[in-house]
Amino acid sequence: MKNRRDFIKGVAAASTVSGVAVESKISAKPVQTQTVSAVSALPPSSYVEAMESDVPEGYSEAQATHYFVRNATSDFMVDVVKSLGVEYIASNPGSSHRGFQESVVNHGGNSSPEWLTCLHEESSVAMSHGYAKIAYKPMAMACHSTVGLQHASMAIYNAFCDRAPLIVFGGNHLDAADRRPGAEWSHAAQDPAKLVRDFIKWDDTPVSAQHFVESMMRAYKVAMTPPMGPVVIILDGHLQEKELNSAPTIPNFAPTVPPQGEIGALREAARLLVDAERPVILADRMARTPAGMNRLVELAETLQVPIVDRGGRMNFPNNHYLAQSGRSGQLIREADVILGLEMYDFWGSVNSMRDLVHRESRSRMQSNAKLISLGVNDLYLKSNYQYFQRFLPVDLSIGGDAEATLPSLTEEVRRAMSASRRSQIADRKKDLQIAYGKMMDQTRRRATYGWNQSPISTARLSMEVWNQIKDHDWSLVGKAIGQWPRRLWEMDQHHHYIGSSGGGGVGYGAPASVGAALANREHGRLSVSFQADGDINYAPGVFWTAAHHRIPLLSVMHNNRAYHQEVMHLQRIATRRQRGADGSAKVGNTFEDPFIDYATLVKSYGIWSTGPISDPTDLEPALKRAVDVVSNGEPALVDVICQPR
Amino acid sequence: MNSKLHFFLVFCSVAILVGTVVGGPAVQDDDLVERGEKHFIEVGCFQCHGYQGQGGAGPRLAPDPISLENFIRIVRRPPNVMPAYSPKVLSEEQLEQIYAYMESISQDPDVSTIEILSGQ
């Protein structure tokens, strides 16, 4: 019988599993650039080996079989997870995955994967979501059967909308005849994954060890193939805990090469772009890795085309003169060709619909402008949840992963350019540099508005934080408060910004920041997050997880003491009905009487904290102290009373 | 009353009350300003425009606000996504008080004087 140690060696030799392409150079080659991660299965200790193979002293074989399991199936499961390079499993404990949890800790040595203690399933999933955007590979979360999966579901939806790969393990007890009375019944389901099937890419319920390994390989491939997304594996409790009596075989694993756009279509796109006088490129969930950024710079410089970065990912360095998101209205209005790359909402970018009594949409572009879309939106679509936004008729729709396709598109653009056209296009550079300079001057001027006021302006807070972190290797892992960091911080590395939640489900910010900070930790980066007060209250226990696992993260509160977006919505409706002059829009939306003391809240979780700060001149010393704490490997939080926006 | 005459009377009353003319140096009535700030917060102007009218989700209103005439016109019939505030929600007098509050707001520092913005 082939034991699982041999299995691991086999996988180590055969598999090339890991994250996605991380290329520093632009290349026209297909993106088959997987890095190889070391398989991390540890050799068993003598104690573990004895437990696995020997009949304990004083027991007969029959007694040993009655009392003990020598070769647990969940040990094999952990070996499979190790072989895939999964480094962490975030989880609340639950009896339906106890076999698996015990195997991670005692069989796997609690290392790669390491079991992370979480206080809410939504935190576990959102941590995995944030982690994937920095690590470029999935981590896993484990939840306790139906109750845990229900807690996890909102965060899974965010990850699905945001195309974040992650693995959800859900416990269950399939065999009704073997369920203990009580929780094993009320927490079991015929089909637990049904709950989230509308917003995951794939799921399975393995019923044997062989089934499990094949499902895991498929799950990993599916999660990591653009459009990426969450996958769910249901772990049957009986299967986890029973003796492994079979000899599972090792499937060959090869990651799927991301799909690329068809060459004829790219040629046509190149022709349109080269012939255009005022082209513009919109990029949203485009740069999955640093390679995506480099490739977009290459295309933009070849065409001298301004980039509007919609911020789904860190797509383009904001200190490049072609980064002109601040001019998006004018650029779209004047464009004759618009290329959309992995757009979350292409329709909403080139049209407007105002929130008035009678809703009317209006095009924001010229009637004869040509639209080209390049992305994977059309390659995988669900029906029920309407995350896909309004349908936009385009002139050329290219199905393919934009990051993988850009080198080919750039090559076709070069081919389509005559020498004279190349020269004409190069002449755009000067005007674009001037426009960039004016845009930046205007942005700096706007940042001065309310500079010395209290509550503190979001621009002032943003720049005070920048002043403390700019000399570090930093990573913004939370929201870009008022978009000021994306406008005024120098962002030219992919890890400088991770985008947002995807589905807009509140409660993503704190745990996703902790997850991204976890991935940044091994690089020694200073992770910083602007933490919304509405968001932190969903599951603040994730700060205990950060403290317990020594995850360095600087959280700076954007404390405006309300769900301010909702205040605005209520005020809008009230004025529409000609009432609400008495401040009634605050009802149900504000955190007053009493105010919430966030510094004390996180202090109780073991986090260094200070605040609330309402005088802008107090920010600098407080932030300095906090950065020192984080630089020493601990999390810290600074509570700041801010303007609403 | 026709709207032009109405505006003229409002304009004059504000000028007298505030002791200034639009665009000129402001000498503020503290009580008027205080009432204006109260309305500014109660009806939610600050949500989009910031507590000091410095802007945020919506455009900057102060310092140096647009003319009172344009201010009232936009509040009543906003050309964009801003909700319309009818006289039932905000009276003409209250709008004038809000305007006085906008006028009372002091100038922001110049970019060149802020080291972390100017990079100097």
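Because the structure is a prediction, the values reported are computed rather than measured.

What counts, and where the lines are drawn
- Residues numbered from 1 in each chain as written.
- Chains lettered and ligands numbered in written order.
- Predicted model: local features only at pLDDT ≥ 70, side-chain atom pairs only at ≥ 80, totals over all residues.
- Helix = DSSP H or I, 4+ residues; strand = E, 2+ residues; numbered from the N terminus.
- Buried ≥ 20, exposed ≤ 12 C-beta atoms within 10 Å, placed from the backbone.
- Axes fitted to C-alpha atoms, helices over the stretch in contact; angles between N-to-C directions.
- Left-handed = near helix turned anticlockwise from the far one by under 90°.
- Contact = placed C-beta atoms within 7 Å.
- Nonpolar A, V, L, I, M, F, W, Y, C, P; charged D, E, K, R; others polar.
- pLDDT = per-residue confidence, 0-100.
- Pairing = 2+ DSSP bridges.
- Right-handed = clockwise from strand over helix to strand, strands pointing away.
- Parallel < 35°, antiparallel > 145°, perpendicular 65-115°, else oblique.

Caption draft 1: Local environment of the environment of E93 of chain B. All names here are of chain B. Inspection of the secondary structure assignment puts E93 in helix α5 (residues 92-104). Residue E93 is classed as partly exposed on the basis of its 16 C-beta neighbours within 10 Å. Residues E93 and G36, 57 residues apart in the sequence, show an inter-C-alpha distance of 9.5 Å.

Caption draft 2: Here's a closer look at the packing of helix α4 (residues 73-83) of chain A against helix α5 (residues 98-107) of chain A. Residues and elements named next belong to chain A. The interhelical angle for the contact between α4 and α5, taken along N-to-C directions, is 65°, at an axis separation of 8 Å. Note on packing geometry: the crossing formed by α4 with α5 is right-handed. Listed contacts from α5 to S74, D75, M77 and V78 of α4 are G99, F100, S103, V104 and H107. Taken together, the residues that form the contact of α4 with α5 break down as 4 nonpolar, 4 polar and 1 charged.

Caption draft 3: Highlighting the interface of chain A and chain B. At the junction of the two partners, chain A supplies 35 residues and chain B supplies 28 residues. Within the residue set of the side of chain A that touches chain B, elements represented by two or more residues are α17 (428-447), α18 (458-469) and α23 (564-576) of chain A. Among the elements that line the side of chain A that touches chain B, the one with the most residues is α23 of chain A, at 7 residues. When the residues that make up the side of chain A that touches chain B are grouped by side-chain class, the tally is 11 nonpolar, 14 polar and 10 charged.

Caption draft 4: Inspection of the confidence of the model for chain A at higher detail. Within chain A, residue pLDDT values average 91, and 92% of them lie at 70 or more. Taken together, the stretch residues 1-41 of chain A has pLDDT below 50 and engages in 84 contacts with residues farther than four places along the chain or on a different chain.

Caption draft 5: Highlighting the pairing of strand β12 (residues 370-375) of chain A. All names here are of chain A. The buried fraction of β12 amounts to 5 of the 6 residues, a majority that puts the element mostly inside the structure. Strand direction decides the pairing type here: strand β9 (residues 337-341) and β12, joined by 5 bridges, are parallel. In the strand pairing of β12, I338 is matched with L371. Sheet topology note: the β12/strand β13 (residues 396-399) ladder contains 4 bridges and is parallel. Across the sheet, residue I372 finds its bridge partner in β13, namely L396.

Caption draft 6: Structural detail: the sheet that holds β13 of chain A. Residue and element names in this part refer to chain A. Taking strand neighbours across the sheet as the criterion, the 5 strands line up as β8-β7-β9-β12-β13 in an open arrangement whose pairing is parallel. For this open sheet the edge positions go to β8 (307-309) and β13, each flanked by a neighbour on one side alone. Across the sheet, the mean angle separating the axes of adjacent strands is 15° when strand polarity is ignored.

Caption draft 7: Representation of the pairing of strand β17 (residues 608-613) of chain A. Residue and element names in this part refer to chain A. Sheet analysis places β17 next to strand β18 (residues 636-640), joined by 4 bridges and oriented parallel. Residue pairing across strands places T610 opposite V638, the latter belonging to β18. For the crossover that starts at β17, traverses helix α25 (residues 619-631) and ends in the parallel β18, the hand is right-handed.

Caption draft 8: How the structure looks around the packing of helix α6 (residues 121-135) of chain A against helix α20 (residues 509-521) of chain A. All names here are of chain A. Taken N-terminus to C-terminus, the directions of α6 and α20 make an angle of 45°; their axes are 6 Å apart at the nearest point. On the basis of the axis angle, α6 is oblique to α20. The two elements α6 and α20 meet at a crossing, and its hand is right-handed. Contacts between α6 and α20 pair E122, S123, A126, M127, S128, H129, G130, Y131, K133, I134 and A135 from the former with P511, A512, S513, V514, G515, A516, L518, A519 and N520 from the latter.

Caption draft 9: Layout of the sheet that holds strand β15 (residues 526-532) of chain A. Residues and elements named next belong to chain A. The strand order β14-β15-β16-β18-β17 describes an open sheet built from 5 strands, whose pairing is parallel. Each edge of the open sheet carries a strand with a single partner, namely β14 (474-476) and β17. Between one strand axis and the next, the sheet turns by 15° as a mean value, whatever way the strands run. Sheet topology note: the strand β16 (residues 554-558)/β18 ladder contains 3 bridges and is parallel. Bridging from a neighbouring strand, V556 pairs with V638 of β18.

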